[in-house]
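# A closer look at the structure
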Amino acid sequence: MSEQQYVVLVPVKPPAIGKSRLVGLDPDVRRELAEAFAQDAVVACLEASLVGAVLVVTDDAHFSRALTALGAAAIPDGVSDDLNGSLRQAAAEAGRRWPGLVPVAMCADLPALRSADLDATLARVDPSRPWFVPDADGVGTTLYVAALDEFDPRFGPGSREEHLDTGARQLTGVPASVRQDVDNLADLRAASALGLGRRTAALAADLV
Ligand SMILES: Nc1nc2c(ncn2[C@@H]2O[C@H](COP(=O)(O)OP(=O)(O)OP(=O)(O)O)[C@@H](O)[C@H]2O)c(=O)[nH]1
Ligand SMILES: C[C@H](OP(=O)(O)O)C(=O)O
């Protein structure tokens, strides 16, 4: 089993404008849910034994303070409206702060994420080449790992295919909690069936 340690880069679109596909909700409830997803995902990362640091990337300065209070570090987006550009800059910054840690980009909308499942996933990665984990639908990506000199994430619509096109390898057999991103209420129900993190569970009780 690999004992390589990782720094997880967690991009968070400002919660007031993120998770727009959670339709039909009061805007304040949608924002609180988006915040809870990120907080639960960050806590799960911080509690994973193969995670040496968590670096949140967000332009929401107020919310970033809530995440640093949990134990994460935080920086603003390096490039406006360019998720992958901001992740590349975050990986470079992580390389300066934690030169021994391999960067992992992970979506923040994983409210069912379990630390043990993240550890089991990272333990199977060969950090000498790029890897990714497809999302539960098999269309997108929840997690991308590559050494800094090869770090070239392609998050966005259809990112599973995009990552395969770069030559990154798909990790199969990954636990559901690492793959269940939440874009809509059906996803939230699926995540709820897996077991939600504490903050999301408190909000979702009335919604699923
Ligand atoms: N820092 C940062 N994070 C982003 C940006 N765009 C997306 N993200 C984050 O990247 C991850 C995957 O994005 P999506 O699943 O599309 O999330 P979203 O943009 O909030 O959701 P939609 O409004 O439904 O597209 C989530 O953790 C988002 O918060 C961006 O421009 N900057
Ligand atoms: C960021 C993107 O998430 P989606 O918006 O497709 O859920 C992806 O899966 O690469």
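The name an unreviewed UniProt entry assigns to the protein is 2-phospho-L-lactate guanylyltransferase, from the organism Nocardioides mangrovi.

### A short note on the overall build of the protein
Within the protein, the regular secondary structure consists of eight helices and seven strands. Relative to the compact-globule value of 17 Å for 208 residues, the protein shows a C-alpha radius of gyration of 16 Å, a close match. Here the C-alpha coordinates of the protein stretch approximately 45 × 35 × 30 Å along the principal axes. Sorting the 208 residues of the protein into buried and exposed places 50% on the buried side. Considering only contacts in the protein between residues 6 or more positions apart, those separated by 24 or more positions represent 69%. The average position of the 19 basic charges and that of the 29 acidic charges among the side chains of the protein differ by 1 Å.

### Focus on the site of ligand 1
Near ligand 1, the surroundings consist of 14 residues, among which Pro11, Lys13, Ser20, Arg21 and Asp77 are the closest. Here a nitrogen atom of ligand 1 sits 3.5 Å away from a polar atom, N or O, in the main chain of Val12. Residue Asp109 places a side-chain N or O atom 3.2 Å away from an oxygen atom belonging to ligand 1. Along the lines of polarity and charge, the residues of the shell around ligand 1 split into six nonpolar, two polar and six charged.

### Overview of the pattern of salt bridges
The tally for this structure, following the rule as stated, stands at nine salt bridges. Ionic pairing is found between Asp28 and Arg31, a salt bridge with its closest N-O pair at 3.7 Å. Placement of both Asp28 and Arg31 in helix α1 (residues 27-46) is noted, with a separation of three residues, approximately one turn of the helix. Classification of Asp28 as partly exposed rests on a relative accessible area of 44%. Notably, a salt bridge pairs Arg96 with Glu93, separated by 3.0 Å at the nearest N-O pair. Remark: Glu93 and Arg96 occur in helix α3 (residues 83-97); sequence separation between them is three residues, near one turn of the helix. Beyond isolated ion pairs, a larger network of salt bridges with shared partners links Lys19, Arg21, Asp109 and Asp183.

### Description of the site of ligand 2
Ligand 2 sits among Arg21, Gly140, Thr141, Phe155, Gly156, Ser159, Asp181 and Asp183. Between ligand 2 and the protein, one listed contact pairs an oxygen atom with a side-chain N or O atom of Arg21 at 2.7 Å. For ligand 2, an oxygen atom lies 2.7 Å from a polar atom in the side chain of Asp183. Contact with the protein chains removes 81% of the 290 Å² of surface that ligand 2 exposes when unbound. Along the lines of polarity and charge, the residues of the shell around ligand 2 split into one nonpolar, four polar and three charged.

### So, helix α2 (residues 61-70)
Of the positions making up α2, those classed as buried are Phe63, Ser64 and Leu67. The arc enclosing the buried residues of α2, seen along the axis, measures out at 105 degrees, which places them on a common side. Along α2, the residues that are exposed and aim more than 90 degrees away from the buried face are His62, Arg65 and Ala69. Tucked into the core, α2 has its buried residues touching β1 (6-12), α1, β2 (51-58) and β3 (73-75). Looking at where α2 begins, the residue whose side-chain oxygen comes 3.1 Å from the main-chain nitrogen of His62 is Asp60. At the exit of α2 stands Gly71, carrying a positive phi of roughly 125 degrees.

Calculation rules
- Along each chain, residues carry numbers from 1 onward, in the same order as the chain's sequence is written.
- Written order determines the labels here, with chains lettered from A and ligands numbered from 1.
- Per-residue local features of the predicted model are confined to residues with pLDDT of at least 70, and side-chain atom pairs are confined, for both listing and counting, to 80 or more; whole-chain, interface and lining totals are unaffected and use all residues.
- Calculated side-chain values reflect all of the structure's heavy atoms, with hydrogen atoms and water omitted.
- By definition, any uninterrupted DSSP run of H or I lasting at least four residues is a helix, any uninterrupted run of E lasting at least two residues is a strand, and each is numbered from the N terminus.
- Only the C-alpha atoms count toward the radius of gyration. The rule for a globule is 2.2 Å times the residue count to the power 0.38.
- Each residue gets one of three labels from its accessible area relative to the maximum for its type: buried under 20%, exposed over 50%, partly exposed in between, using a 1.4 Å probe on protein chains only.
- The contact rule is simple, with two residues in contact once any of their heavy atoms fall within 4.5 Å.
- Counted as positive: Lys and Arg. Counted as negative: Asp and Glu, with His and the chain ends omitted from the count.
- By convention, the charge on Lys lies at NZ, on Arg at CZ, on Asp at CG and on Glu at CD.
- We call a residue near a molecule or strand whenever a single non-hydrogen atom of that residue lies within 4 Å of it.
- Polar contacts, as used here, are pairs of N or O atoms within 3.5 Å; protein pairs need one atom able to donate a hydrogen and one able to accept it. Residues neighboring in sequence count only if both atoms are side-chain atoms.
- Each residue is assigned to one class: nonpolar for Ala, Val, Leu, Ile, Met, Phe, Trp, Tyr, Cys and Pro, charged for Asp, Glu, Lys and Arg, and polar for all the others, Gly among them.
- What makes a salt bridge here is a side-chain nitrogen of Lys or Arg within 4 Å of a carboxyl oxygen of Asp or Glu, nothing more.
- A 1.4 Å probe and the Shrake-Rupley method give the accessible areas. Residues count as covered only by the protein chains that appear here.
- By definition, the arc is the one covered by directions from the helix axis to the C-beta atoms.

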